[in-house]
Amino acid sequence: GENGYDLWLRYKPVGNKTLLQSYRENITTIITSGSSATMDIVKNELSTGLQGLLQTTIDHGAAVNRHGAIIAGTPRSSPLISNAGIAIPLQQAGEEGFVILSKILNGKRCILISGNTEKGVLYGTFHFLRLLQTEQSIQQLNIISAPKIRLRMLDHWDNPDRTVERGYAGFSIWNWHTLPGYIDQRYIDYARANASIGINGTVVTNVNANAVVLTQPYLEKVKALADVLRPYGIKIYLTARFSAPMEIGGLKTADPLDASVQHWWQEKIKEIYTYVPDFGGFLVKANSEGQPGPQDYKRTHADGANMLADAIAPFKGIVIWRAFVYSNENPLDRHKQAYDDFVPLDGTFRPNVLVQVKNGAIDFMPREPFHPLFGAMPKTPLMMEFQVTQEYLGQGTSLVFLAPLFKETLESDTYSKGKGSTVAKVIDGSLEHHPLTGMAGVANIGNDINWCGHPFAQANWYALGRLAWDHTISSEQIADEWLRMTYSNNPRFLKAASRLMLESRDIIVQYSNPIGLHHIMGTSHHYGPAPWVNNQQRPEWNPVYYHKADSGGIGFNRTATGSNALAQYQPAAREQWENMQTCDEKYLLWFHHVPWNFRMKSGKSLWEELCYQYYTGAERAGKMQDTWKSLQPFVDKQRFEQVNMLLKIQHTEAIWWRNACILYFQTFSKMPIPASYEQPG
Ligand code: GCW
């Protein structure tokens, strides 16, 4: 049956007969060159992919003697390629990119898949197969593609005991118990899926995990994983708990300026590289949510990051230092702390340090304005941290396609160097000419049979990879590609299913966090609504801290008369939000405390608009079920039923959000729910 394990790499027979015919004419032989683990993967992928798609065995050959040779290799290993006159396109492909070109060689029609490295060839191979999977023409191919971002990563929040923090797809796929002796086929399939979307790095441990992974028995396991990932072009990274020198090294301190601490890290790093010679580096969460860090010793984040960076630099490793910091010593507005802590450090980080910033200043909310750090640290490469796992977005039970959320942040204008200084340009390095660039997604992968729990959650993993490669790809294209490969190329299916995906993020914003509301979810587990909670040990963990509803109105005043978080944005960015009358309504309650009878652009009062949003959102969530039901003829039974059941749960949740929030906020507004809406039942 169809259980989703194959992800978007199903390679089902091409349904369109005319296209199938033309593919078969244009693909008759596979010619690969070079013998390496990566080229073996290329060869196998082409064989299995083409066999599945074209329903015929494609021969492997060495010479071009008929039409339809697919020639894959680097110019170094393949004379056919080095003599094909493609030096200029190859130059544009850079170190990791690829070219796919139609060429006449020996008087025969051929398709060249090439790159300057075998990794590039591998990426090109997956791209070529994707053309067939999505039923594109392969006549006159002239594709040159290079990634816009250098580090394209997944961050696993996987603990050594295999629980996954904010993971909703079972337990961790890393089975530390049976490593290094046992290599689960999943590791290989994981690597393959990532390579197919250009992901080239993975942090296999949680940022909250302890230091055990840095001990020798674990490093042997890490080595085994690294060996699996390497031929797929993926480097392994680990989280480094800042207090590791004390916990596993027996030192009395972890002070980054202490010589014994520095020495401990130097030795530890040397040891790691004996196991994993191409180890990528460390990801660090420090002085955040109770984690240890340099501030425990009155040192700065830069002191901490630079100490590790110096120790790892001889091995060409990098340090990714997270900017997700907030503490209760800063009770006024959590929104401001990362900026306050990090902006003064701009220019003081070593060249092999990236600062990794969440897309928004609070925490992966269904909708957030872009983080004010973007554009505010021109001398430091900032890496994007998106969340692929749906912590605040319905977790494992909701269909929410995240590409529109990612794109919304990437396309936001920071105005840091005038109009057009988008977040995308900050993180792809083009704005400030940083060579080191990165985008990470907190993974939604677990050991569920379909990897991600919700069948549609796979699309978010896919979207992260595609956007890290090229952030200009539209959400529409990503949804379309993914649906074609994962379900069907049928136009009727695609039309409705892509709309379902593209509207889904808007819908969850409407029924959970409309008009800029945020952080009003159930505390600790973050599932479902709980705007009333006010009993957490730390003020900034309480939903009431964020919505601030009272008899006068609702929302967080972040203007100059409030926390003034707005001052952290450039004037031109600030302008779109500063004035309550003109503020983009998506963010109205994010930045303003607004009276209940405030006139919205729709003509409704704020209270009516709030009701309207919650009711419309819940209603639209209900309609998602109808849409899916209409697609039954195009979907296999198992996946149809799964999504069907999940959409039903999602609708129930939407109603739960609506009723809980409206009835709670009504205790402040004291206004009636407009009669045109059904009463909460
Ligand atoms: O999103 C929040 C989560 C925590 C997480 C933290 C972080 C890994 O609720 O579970 O911890 O942020 O990003 O560090």
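Residues numbered from 1 in each chain as written. Predicted model: local features only at pLDDT ≥ 70, side-chain atom pairs only at ≥ 80, totals over all residues.

Caption draft 1: Focus on the overall build of the protein chain. If you tally the helices and strands in the protein chain, you get 21 helices and 16 strands. Compactness check: the protein chain gives a C-alpha radius of gyration of 26 Å against a globular reference of 26 Å for 681 residues, within 12% of the reference. Projected onto its principal axes, the C-alpha positions of the protein chain cover 80 × 65 × 50 Å. The burial tally for the protein chain puts 53% of its 681 residues in the buried class. By sequence separation, contacts in the protein chain at least 24 residues apart represent 72% of the contacts at least 6 residues apart. (Helix = DSSP H or I, 4+ residues; strand = E, 2+ residues; numbered from the N terminus. Rg over C-alpha atoms; globule rule 2.2 N^0.38 Å. Buried ≥ 20, exposed ≤ 12 C-beta atoms within 10 Å, placed from the backbone. Contact = placed C-beta atoms within 7 Å.)

Caption draft 2: How the structure looks around the nonpolar core. Judged by nonpolar contacts, the single largest core of 212 residues is most densely connected at L308, V319, V355, L373 and M383. The contact partners of M383, leaving out residues within four places of it in the chain, are L151, I320, L354, V355, Q356, I427, G438, M439 and A440. (Core = buried A, V, L, I, M, F, W, Y, C linked by C-beta atoms within 7 Å.)

Caption draft 3: Representation of helix α6 (residues 185–196) in the model. An ideal rise of 1.5 Å per residue puts 16 Å on twelve residues; α6 measures up with 17 Å between its terminal C-alpha atoms. Every buried residue of α6 is listed here: Y190, A191, A193, N194, A195 and S196. Those residues of α6 hidden inside the fold are in contact with α5 (118–133), β7 (151–155), α7 (216–229) and α14 (458–469). (Expected span 1.5 Å × (residues − 1).)

Caption draft 4: Seen up close, the site of the ligand. Lining the immediate surroundings of the ligand are W157, E165, R166, V207, N208, K285, E289, F324, D363, F364 and E391. When the residues that make up the shell around the ligand are grouped by side-chain class, the tally is four nonpolar, one polar and six charged. (Near = placed C-beta within 6 Å. Nonpolar A, V, L, I, M, F, W, Y, C, P; charged D, E, K, R; others polar.)

Caption draft 5: Structural detail: the UniProt feature "domain: Glycosyl hydrolase family 67 C-terminal" (unreviewed entry) in the protein chain. Feature annotation in UniProt places "domain: Glycosyl hydrolase family 67 C-terminal" (unreviewed entry) on residues 452–676, given in this structure's numbering. Secondary structure content for residues 452–676 is 54% helix and 2% strand, while the C-alpha to C-alpha distance between its ends is 39 Å. (UniProt positions renumbered as here; feature names shortened; annotations may be inferred.)

Caption draft 6: Highlighting the sheet that holds β7. On the basis of which strands lie adjacent, the closed barrel formed by eight strands has the order β7-β8-β9-β10-β11-β12-β13-β14 and parallel pairing. The average undirected angle you get between the axes of adjacent strands in this sheet is 25°. The pairing of strand β10 (residues 281–284) with strand β11 (residues 318–322) spans four bridges and is parallel. Residue G281 lies in a different strand from β11, and its bridge partner there is I318. (Pairing = 2+ DSSP bridges. Axes fitted to C-alpha atoms, helices over the stretch in contact; angles between N-to-C directions.)

Caption draft 7: Layout of the confidence of the model for the protein chain. Taken residue by residue, the protein chain gives an average pLDDT of 97. The fraction at 70 or more is 99%. With pTM at 0.98, the complex prediction returns an ipTM value of 0.99. (pLDDT = per-residue confidence, 0-100.)

Caption draft 8: Structural detail: the domain arrangement of the protein chain. Domain parsing of the protein chain yields domain 1 (17–145), domain 2 (151–486) and domain 3 (511–669). The C-alpha-based centres of domain 1 and domain 3 are spaced at 48 Å. (Domains from an automatic or database assignment.)

Caption draft 9: Focus on the packing of helix α16 (residues 491–512) against helix α20 (residues 606–630). Here α16 crosses α20 at 155°, and the two axes come no closer than 9 Å. When the interaxial angle is binned, α16 and α20 end up roughly antiparallel. For the pair α16 and α20, the crossing hand works out as left-handed. Contacts from A496, L500, I507, Q510 and Y511 of α16 reach α20 at Q613, Y614, T616, G617, A618, R620, A621, M624, T627, W628 and S630. When its residues are assigned to classes, the contact of α16 with α20 shows nine nonpolar, six polar and one charged. (Parallel < 35°, antiparallel > 145°, perpendicular 65-115°, else oblique. Left-handed = near helix turned anticlockwise from the far one by under 90°.)

Caption draft 10: Just the environment of E385, in detail. Note on placement: E385 falls in strand β13 (residues 382–387). Among the residues examined, E385 registers 23 C-beta atoms within 10 Å and is labelled buried. When the C-alpha atoms of E385 and S78 are compared, they prove to be 39 Å apart, with 307 residues separating the residues in sequence. Those residues in contact with E385 that lie beyond four places of it in its chain are Q356, V357, K358 and A440.

Caption draft 11: Inspection of the environment of Q666 at higher detail. With respect to the helices, strands and loops of the structure, Q666 is situated in helix α21 (residues 637–669). When the 18 C-beta atoms within 10 Å are taken as the criterion, Q666 is described as partly exposed. For the pair Q666 and C611, spaced 55 residues apart in the sequence, the C-alpha separation amounts to 9.7 Å.

Caption draft 12: Up close: the pairing of β13. Most of β13 is tucked away: six of the six residues are buried. The two faces of β13 match: L382, M384 and F386 on one face and M383, E385 and Q387 on the other face are all buried. Judged from the four bridges that link them, strand β12 (residues 353–358) and β13 form a sheet pairing that is parallel. Its bridge partner being in β13, Q356 is matched across the sheet by M383. Two elements, β13 and strand β14 (residues 438–442), share four bridges in a ladder whose sense is parallel. By the bridge assignment for β14, F386 is matched with G441.

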